[in-house]
Amino acid sequence: MLDALAGACHDGVRLAFSYTARDGAPTERYVEPYRLVVLARRWYLLAFDIDRDDWRTFRVDRITAPRATVAHFSPRDAPDDPVAFVRGSIERVPRRYRVVADVAAGADAVETRIGSWADVERIGPRRCRVHMAADELEWPIFALMQVDADFVVQEPPELKDHLSRLARRFTASVR
């Protein structure tokens, strides 16, 4: 997959592929591929979408059957910073949950551990507040575990309930 996408980017040829949208809807896309970007441990294709007449970001794990064409294209004025463009595209996607947790650790240490997944706000020398957006509750839990420090969830209530259920299950497993 990465070879096909990188080859099309390098050769400057248009690319057709099937794509599964965030809501699960299948679509066919025809693009001018510009660059592959790795962000938060995921690969993204930055490309100009011919049918939508605009720059788009595509998660590589949602692309299937990429087909490079023989149609070369003239380079367009691309975003100045491909990584910033992809990051902005990701951040604009609405998420189901807004997570806020206070962490008993310095902001720099927390930023090092989970900064690519969260915004970290300093609220004291050994305390910070973490802000995350997620569609599922599992990954914010995983991110907070990576910090290896005590934390208190401020919101959402669903995360507090989920953590309570997990705590009971883990406590029961070591009896």
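All figures in this text were calculated on a predicted structure; none of them were measured in a lab.

### Some details on the sheet that holds strand β2 (residues 26–39)
If you walk across this open sheet you meet the five strands as β4-β3-β2-β1-β5, and the pairing is antiparallel. Each edge of the open sheet is held by one strand with a lone partner, namely β4 (54–59) and β5 (63–72). With strand direction ignored, the average angle separating the axes of adjacent strands in the sheet is 45°. Two strands pair when backbone bridges link them, and strand β1 (residues 13–20) and β5 are joined in this way by five bridges, in the antiparallel orientation. Counted as the bridge partner of Tyr19 is Ile63 from β5. Running at roughly 85° to β2, helix α1 (residues 2–11) makes contact with β1, β2, β3 (42–49) and β5 of the sheet. Contacting β2, β3 and β4, helix α2 (residues 82–92) runs over the sheet at an angle of about 125° to β2.

### Brief notes about the environment of Ala6
Here Ala6 shows up in helix α1. Note: C-alpha distance between Ala6 and Thr69 (63 residues apart in sequence) is 13 Å.

### Structural notes on the packing of aromatic side chains
Counted according to the given criterion, the structure contains five aromatic pairs. Plain terms: the ring middles of Tyr19 and Phe58 are 5.1 Å apart, the flat faces sit at 80° to each other, and that makes the pair edge-to-face. Within this pair, whereas Tyr19 is found in strand β1, its partner Phe58 is found in strand β4, the two being separated by 39 residues in sequence. Put simply, the rings of Phe17, Tyr19 and Phe58 touch in pairs and so form one group of aromatic residues. Directly above the aromatic system of Phe48 lies the positively charged group of Arg76, at a separation of 3.7 Å from the ring centroid.

### Observations concerning the confidence of the model for the protein
Should pLDDT be low for a region, the predicted coordinates there are not to be read in detail. Per-chain confidence: the protein averages 91 in pLDDT, with 99% of residues scoring 70 or above. Within the protein, the lowest mean pLDDT, 83, falls on α2, and the highest, 96, falls on strand β9 (residues 151–155).

### A look at α2
All of the buried residues along α2 are Pro82, Val86, Gly88 and Ser89. Buried residues of α2, viewed axially, fall in a sector of 160°; they line one side. Against β2, β3 and β4 lie the buried residues of α2. Backbone nitrogen of Val83 and a side-chain oxygen of the N-cap are separated by 3.2 Å at the start of α2; the cap is Asp81.

### Structural notes on unusual backbone geometry
With omega at 0°, the peptide bond leading from Glu155 into Pro156 counts as cis. Mapped onto the fold, Pro156 is located in the loop between β9 and α5 (157–173). In this structure, Ala65 takes a positive phi of about 50° despite not being glycine. With respect to the element layout, Ala65 can be found in strand β5.

### Things to note about the sheet that holds β9
Read from one edge to the other, the open sheet built from four strands follows the order β7-β8-β6-β9, with strand pairing classed as antiparallel. Since the sheet does not close on itself, it has two edges, and those belong to β7 (119–124) and β9, each with one partner. Each strand axis lies, on average, 25° off the axis of its neighbour in the sheet, ignoring direction. Docked against the sheet, helix α4 (residues 138–147) engages β6 (97–103), β8 (127–134) and β9, running at close to 155° with respect to β8. On the sheet, α5 packs against β6 and β9 and is oriented at approximately 140° with respect to β9.

### Details of helix α3 (residues 107–114)
Within the span of α3, buried status applies to Ala107, Val110 and Ile114. Buried residues of α3, seen end-on, are gathered within an arc of 65° and therefore sit on one face of the element. What points out from α3, more than 90 degrees from its buried face, is the exposed set Asp108 and Thr112. Along its buried surface, α3 packs onto β6, β7, β8 and α4.

Each value, and the rule that gives it
- Residues numbered from 1 in each chain as written.
- Predicted model: local features only at pLDDT ≥ 70, side-chain atom pairs only at ≥ 80, totals over all residues.
- Heavy atoms only, no water.
- Pairing = 2+ DSSP bridges.
- Helix = DSSP H or I, 4+ residues; strand = E, 2+ residues; numbered from the N terminus.
- Axes fitted to C-alpha atoms, helices over the stretch in contact; angles between N-to-C directions.
- Contact = heavy atoms within 4.5 Å.
- Phe/Tyr/Trp six-rings, centres within 6.5 Å; stacked < 30°, edge-to-face > 60°.
- Lys NZ or Arg CZ within 6 Å of the ring centre and 35° of its normal.
- pLDDT = per-residue confidence, 0-100.
- Buried < 20%, exposed > 50% of the residue type's maximum accessible area, 1.4 Å probe, protein only.
- Arc of directions from axis to C-beta.
- Polar contact = N/O pair within 3.5 Å; in protein donor to acceptor, adjacent residues only side chain to side chain.

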